[in-house]
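# Secondary and tertiary structure notes
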Amino acid sequence: MPVVIPPMVRDQFIELYNNSNKVLYADSLYFAQLFGSNTASPNVSTGNFINDGSTLNLQYDWSKSYGNSKGAEANTKYVYPRTIFRIPGNGTQYPVQPGESLVLAATAVNHKAPYTNAGGTSVSINDPSLTVDLSNADFEFYLRDVIPNPLDSDVDNPGVPNLIVVDRLANRDLILDNPGREALIIFKTTADVTQYDRLAIPEYKTAADTIGRIRYLQLPVSGIIDAVQIQHATPSSRVPRRLVNSLDAGAFNVPAGQYSSQSMIRKTSVTVGSRKVLKDTNNSSEDFDYFDRANPRAFK
């Protein structure tokens, strides 16, 4: 008997849009999810959290992390990814025309249709109207060939190039936080990001404390091209921001919240000929709208 599942994480995707008037090359573009505290009201008396009323108020105070050499700038000029993926290419292999986009799919298949998972189990879809066809995605997040504990839902579409897994910590696929507690970035650099300093959260005060702990890459904000802060739909459940105002002065959430099939979409600012120019003021509260059902390559 087939397993019946609702769409949850395997149909998640990110769409990257060329908002300029010239051809851009996606080769070696990085996508990352940022790590941070999801504690809405942390115990600030420990000294492990920022408590100054700033943009990052109540977020981890990375300047207090063992081994930090950046001083207070550890909080303002660096971010701390929990996943990093890179688009492959030789520099000019993946051109993106003005007004066109790339879809990066967790799994590049038609999620409206039944499928057989990597464990050989036949899976039916409970309500195809809630999910999306990603079989024509441009890239996919595929981790089965690089991690020891892949998800059975992570199946490979051989016709879609896989993103390069740079750093994933504990993640087993592209898994966006369904309640919305995320900060996402895209960036470019010629540096080997795996050689950046790594810091454990500031709770661990000595070298011995950090043994066996997850250590997060200290990534300079100078290479960030775009950033988006996402929050929980319920105000009382929102968590400390992970992005300074210069990267994103606001935040967005879909109104119906998690598991609603709603998705974020940038608003169209103007149309130049046939090309849509999307709103990008570095304030997600103003720049985004939503679809009731995800719709890749569509506009609002």
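A short tour of the structure in this document, coming up. What you are looking at is a predicted structure, and each value in this text was computed from that prediction instead of being measured. (Residues numbered from 1 in each chain as written. Predicted model: local features only at pLDDT ≥ 70, side-chain atom pairs only at ≥ 80, totals over all residues. Heavy atoms only, no water.)

## A look at the sheet that holds strand β17 (residues 224-230)
Strand order across the open sheet formed by five strands is β12-β6-β4-β13-β17, with antiparallel pairing between neighbours. Since the sheet does not close on itself, it has two edges, and those belong to β12 (164-167) and β17, each with one partner. Going from strand to strand, the sheet's axes swing by 20° on average, the running direction of each strand aside. Judged from the three bridges that link them, strand β6 (residues 81-86) and β12 form a sheet pairing that is antiparallel. Within β12, the residue paired with F85 across the bridge is V165. (Pairing = 2+ DSSP bridges. Helix = DSSP H or I, 4+ residues; strand = E, 2+ residues; numbered from the N terminus. Axes fitted to C-alpha atoms, helices over the stretch in contact; angles between N-to-C directions.)

## Section: unusual backbone geometry
Most of the time, phi is negative for any residue but glycine, and the peptide bond is trans. Even without glycine at this site, S28 takes up a positive phi of about 65°. The residue S28 is located in the loop between β3 (24-25) and β4 (30-34) in this model. The residue S261 is not glycine, and still its phi comes out positive at about 70°. Position of S261 relative to the elements: it lies in the loop between β17 and β18 (263-266). According to the relative accessible area criterion, S261 is buried, its value standing at 18%. (Buried < 20%, exposed > 50% of the residue type's maximum accessible area, 1.4 Å probe, protein only.)

## A word on the pattern of salt bridges
Per the stated rule, a full pass over the model turns up 12 salt bridges. With a closest N to O distance of 3.7 Å, R144 and D152 form a salt bridge. Judged by its relative accessible area of 25%, R144 is partly exposed. Taking the relative accessible area as the measure of exposure, D152 reaches 40% and is therefore partly exposed. R266 is the salt-bridge partner of D280, the closest N and O atoms lying 3.6 Å from each other. With D280 in the loop between β20 (275-278) and α3 (284-287) and R266 in strand β18, the pair connects residues that are 14 residues apart, well separated along the chain. Assessed through its relative accessible area of 13%, R266 is described here as buried. (Salt bridge = Lys/Arg side-chain N within 4 Å of Asp/Glu carboxyl O.)

## Some words on the sheet that holds strand β11 (residues 139-140)
Spatial ordering of the open sheet is given by β2-β8-β11, a layout of three strands whose pairing is mixed. If you trace the sheet from one side to the other, it starts and ends with β2 (13-17) and β11, each paired once. Here five bridges tie β2 to strand β8 (residues 101-105), and the two strands are oriented antiparallel to one another. Across the sheet, residue L16 finds its bridge partner in β8, namely L102.

## Focus on the pairing of strand β10 (residues 122-125)
Sheet faces and side chains relate simply in a regular strand, where the side chains alternate between the two faces. Across two bridges, the pairing between strand β9 (residues 115-116) and β10 is antiparallel. Note that in β10 the partner of T116 across the bridge is S122. Linkage of β9 to β10, two consecutive antiparallel strands, is achieved through a turn of five residues, within which G120 is found at a positive phi near 85°.

## Re the environment of F187
Assignment of secondary structure puts F187 in strand β13 (residues 182-187). Sequence-wise, F187 and A32 are 155 residues apart; in three dimensions their C-alpha atoms are separated by 8.2 Å.

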